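These are the residues of each chain, in order.
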Amino acid sequence: MRSITTGLVCAVVCLCALSNPVCAQIQGMQLLPEGFGENPGIEAKADKILKDMCSYVGGLQQFSIEVESVFEIVLGSGQKVQFCSQGDVRLKRPNKLRVDRKGQFADVAFYYDGKSVTVFAKRKGYYATTPAPATLDETFDTARDDFGLVAPAADLFYSDAYDGLIKQAERGFFVGKNDVNGVMCNHLAFRGKSTDWQVWIQDGPKPLPMRYVLTAAGTPGAPQFEVSIRKWDTSPGLDDAGFRFVPAAGVHKIEFVKMREMAPSGAGGKQQ
């Protein structure tokens, strides 16, 4: 996913040129060589960095992270609007997950205790529970496919994330090294049939993902979704009790509705 459009880059450069003689030197600068990243296939360097990250994260038996997410929608006019949220993710293999996310439109908690998935809408005081598969990987898939629930950067947290990521990529390359929130990272970019994605991976012996950006290239306006990981704890000492939802007095249970049950059907309708 591109974090800023070419038009916006040009606007910023022009503004700099008007306001600062030093910035004027930026005009005409080519940020990347002509034809950069256009070679077919996956570059060996990018492939190795991605594989090392997936192996390292997949081998972590537990971790907690603090994240900031930006979700973008495209209006009918073509203008883009972004919505931000903050959250915490706690994961314990093979079958525990807790996600707390708070933003403009939601304040929700997701619990997976190895037997069931519960989503609690804190502002509304409602929760829903459904039986869940026995492993995290299966639960990631079920939560996404059946209920449209996706943990921030969940693509990177499967026990073997590499296979799922690389099979969607037709092209991939190493962009360069980049500082992300004070952490030097290797910046990789990949292109699939309908989705472009980028990942910034901490350089060195602990290749942790620090930023993940998706671009729906096949959707009009190419909306983006990005996750920045502000803090990693790879040995948090997580207690199993923290993954179990216990309803407080006054909250109300409702039923999950699967996405296919919400899709329109009949004449003129399409099943999703």
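Residues numbered from 1 in each chain as written. Predicted model: local features only at pLDDT ≥ 70, side-chain atom pairs only at ≥ 80, totals over all residues. Heavy atoms only, no water.

Q: So what's going on with the pattern of salt bridges? Which residues, and what values?
A: Throughout the structure, instances matching the rule amount to 13 salt bridges. Here E68 and R230 are joined by a salt bridge, their closest N and O atoms 2.9 Å apart. Taken together, the residues E68 in strand β2 (residues 62–74) and R230 in strand β12 (residues 224–233) connect sequence positions 162 residues apart. Overall, the relative accessible area of 34% leaves E68 in the partly exposed class. Here R230 falls in the partly exposed class, since its relative accessible area comes to 40%. With a shortest N-O distance of 2.6 Å, D196 and R191 are connected by a salt bridge. Residue classification places D196 among the buried residues on the basis of a relative accessible area of 6%. For R191, a relative accessible area of 31% translates into the label partly exposed. Linked by salt bridges that have partners in common, R90, R98, D100 and K122 make up one network. (Salt bridge = Lys/Arg side-chain N within 4 Å of Asp/Glu carboxyl O. Helix = DSSP H or I, 4+ residues; strand = E, 2+ residues; numbered from the N terminus. Buried < 20%, exposed > 50% of the residue type's maximum accessible area, 1.4 Å probe, protein only.)

Q: Give me the lowdown on empty space enclosed by the protein, citing residues and values where you can.
A: This model, assessed by the stated rule, comprises 1 cavity of 30 Å³ or more. Empty space within the largest cavity amounts to approximately 50 Å³. Secondary structure elements with two or more residues in the lining of the largest cavity: β7 (126–131) and α3 (136–147). With 4 residues, the single largest contributor to the lining of the largest cavity is α3. Across the lining of the largest cavity, the residue classes tally to 7 nonpolar, 3 polar and no charged. (1 Å grid on protein atoms, 1.4 Å probe; cavity = no way out; pocket = protein on both sides within 12 Å on 5 of 7 lines; lining within 4 Å. Points joined across faces, edges and corners; volume = space filled by probe spheres on them. Nonpolar A, V, L, I, M, F, W, Y, C, P; charged D, E, K, R; others polar.)

Q: Give a detailed account of the side chain of Q198, specifying residues and quantitative values.
A: Position of Q198 among the secondary structure elements: in strand β10 (residues 196–202). Here the side chain of Q198 touches H187 through a polar contact of 2.6 Å, side chain to side chain. (Polar contact = N/O pair within 3.5 Å; in protein donor to acceptor, adjacent residues only side chain to side chain.)

Q: So what's going on with the nonpolar core? Residues and values would help.
A: With 50 residues, the main nonpolar core has L50, L97, F140, F157, L188 and W232 as its most contacted residues. The leading source of residues in this core is helix α2 (residues 44–59), at 6 residues. Here L97 is in contact with V89, R90, L91, F110, Y111, Y112, L136, F140, A151 and F243, once residues within four sequence places are set aside. Core analysis: the second largest hydrophobic core is formed by 5 residues, A109, Y111, Y127 and F245 among them. (Core = buried A, V, L, I, M, F, W, Y, C linked by side-chain atoms within 4.5 Å. Contact = heavy atoms within 4.5 Å.)

Q: Kindly report on α2, identifying the contributing residues and their values.
A: With 16 residues, α2 should reach 22 Å at 1.5 Å per residue; the first-to-last C-alpha distance of 22 Å fits that figure. Restricting attention to buried positions, one finds in α2 the residues A46, D47, I49, L50, M53, C54, V57 and G58. One face of α2 carries all of its buried residues, which in axial projection span an arc of 165 degrees. Facing away from the buried side of α2 by over 90 degrees, the exposed positions are A44, K48 and S55. (Expected span 1.5 Å × (residues − 1). Arc of directions from axis to C-beta.)

Q: Tell me what's going on with the pairing of strand β4 (residues 96–103), and back it up with residues and numbers.
A: Judged by how many residues are buried, β4 sits mostly within the fold: 6 of 8 residues are covered. Two elements, strand β3 (residues 80–92) and β4, share 8 bridges in a ladder whose sense is antiparallel. Each residue of the ladder has a partner; that of Q86, found in β4, is K102. Pairing of β4 with strand β5 (residues 107–112), which is carried by 6 bridges, proceeds in the antiparallel orientation. Bridge assignment links R98 to a residue of β5, and that residue is Y111. (Pairing = 2+ DSSP bridges.)

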